[in-house]
Amino acid sequence: MNPKLTALFVAILAVVMFGRQFFHQVPVGHVGVASFFGEVLDHPYVEGPHFPVNPLLSWHDMDVREKSTKLPSIEVPTRDQLLTKIDLSIQYRLNAKMAPQIFRDTGDENQVIAIHMIPKVRSLLRELGTNIDRAEDFFLEHTRDLLASEMQAGLSKFVAPHGIVIDTVLIRGINLPP
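Residues numbered from 1 in each chain as written. Predicted model: local features only at pLDDT ≥ 70, side-chain atom pairs only at ≥ 80, totals over all residues. Heavy atoms only, no water.

Can you help me understand the sheet that holds strand S7 (residues 83-94) in this one?
The strands that make up a sheet are held in pairs by hydrogen bonds between backbone atoms, and each pair lies either parallel or antiparallel. Judged by pairing direction, the sheet is antiparallel, and its 3 strands sit side by side in the order S6-S7-S8 without closing on themselves. If you trace the sheet from one side to the other, it starts and ends with strand S6 (67-77) and strand S8 (164-175), each paired once. Ignoring strand direction, the axes of neighbouring strands in this sheet form an average angle of 25°. The strands that helix H3 (residues 109-129) touches are S6, S7 and S8; relative to S6, the one it contacts most, it runs at about 35°. Helix H4 (residues 141-159) rests against S7 and S8 of the sheet, and its axis sits at about 145° to S8. (Pairing = 2+ DSSP bridges. Helix = DSSP H or I, 4+ residues; strand = E, 2+ residues; numbered from the N terminus. Axes fitted to C-alpha atoms, helices over the stretch in contact; angles between N-to-C directions. Contact = heavy atoms within 4.5 Å.)

In structure tokens form, the structure reads like this:
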């Protein structure tokens, strides 16, 4: 058999079998994170097609669009030693530039929220609640505004190094103890 024909046949066979591996499409609103044999590459891949890419890369596309998490019935103590239940909504997004670090240090989007944001929300809300004299004060507008703004500032300061951008903290509901 002709060596040129054999080489052409092998090249065509390789393209057919592995052609998709040389191309990666990052969906809209996502950022691609690539790893090479378990080592996360330092730069994120923006949305859109990427060609050619190393066929040995493993891909993880992280959603960097704005999302909202609802936290119902967080018990908050006040100075009068009553536990008030507060419902919160937190609007956030992941920092696309930090996606490789996020994936390397914590994991996917759900793990980042569960590990870094949710525990800090509960802790910070309890801490801020101890500055409120009576449980009934939660219904005062300035108390709710102060609580939301301090929650946003404190939470943003804590989660920003972990790649989470807090857009808004909303107080959805307040339930006084019986």
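We are not done yet, so read on.
I keep staring at H3 and nothing clicks. Help me out?
Count 3.6 residues to each turn of an α-helix, and residues three or four apart come out pointing the same way. The first and last C-alpha atoms of H3 sit 29 Å apart over 21 residues, in line with the 30 Å expected at 1.5 Å per residue. Along its length, H3 shows its largest kink, about 30°, at Met 117, and proline Pro 119 lies within four residues downstream of that point. Of the positions making up H3, those classed as buried are Glu 109, Val 112, Ile 113, His 116, Met 117, Ile 118, Val 121, Leu 124, Leu 125, Leu 128 and Gly 129. Buried positions along H3 lie against strand S5 (57-63), S6, S7, helix H2 (99-105), H4 and S8. (Expected span 1.5 Å × (residues − 1). Bend = angle between axes of the 7 residues up to and from the residue. Buried < 20%, exposed > 50% of the residue type's maximum accessible area, 1.4 Å probe, protein only.)

Help me out: how do you make sense of a nonpolar patch on the surface in this one?
Nonpolar side chains collect at one region of the surface, where Leu 5, Leu 8, Phe 9, Val 10, Ile 12, Leu 13, Val 16, Met 17, Phe 18, Phe 22 and Phe 51 lie side by side and expose about 1,200 Å² of accessible area between them. Topologically, Ile 12 is positioned in helix H1 (residues 3-18). With a relative accessible area of 48%, Ile 12 lands in the partly exposed category. (Patch = residues over 30% accessible without salt bridge, like charges linked within 9 Å, V, L, I, M, F, W, Y side chains within 5 Å. Areas by Shrake-Rupley, 256 points an atom, 1.4 Å probe, with all protein chains shown as cover. Salt bridge = Lys/Arg side-chain N within 4 Å of Asp/Glu carboxyl O.)

How do you make sense of unusual backbone geometry when you look at a structure like this?
Phi is mostly negative for residues that are not glycine, and the peptide bonds are mostly trans. In this structure, the amide linkage connecting Phe 51 to the following residue, Pro 52, adopts the cis form with an omega of -10°. Mapped onto the elements, Pro 52 comes out in the loop between strand S4 (48-50) and S5. Notably, Phe 37 is not glycine yet its phi reads approximately 50°, a positive angle. The class for Phe 37 is exposed, based on a relative accessible area of 67%.

How should I be thinking about the sheet that holds S5 in this particular structure?
Across the sheet, 3 strands lie side by side as S3-S2-S5; this open sheet has antiparallel pairing. Strand pairing shows two members of the sheet lacking a second neighbour, strand S3 (39-40) and S5, which therefore form its edges. Taken together, the 2 bridges between strand S2 (residues 30-36) and S3 define a ladder with antiparallel strand orientation. Within S3, the position partnered with Ser 35 by the bridge is Val 40.

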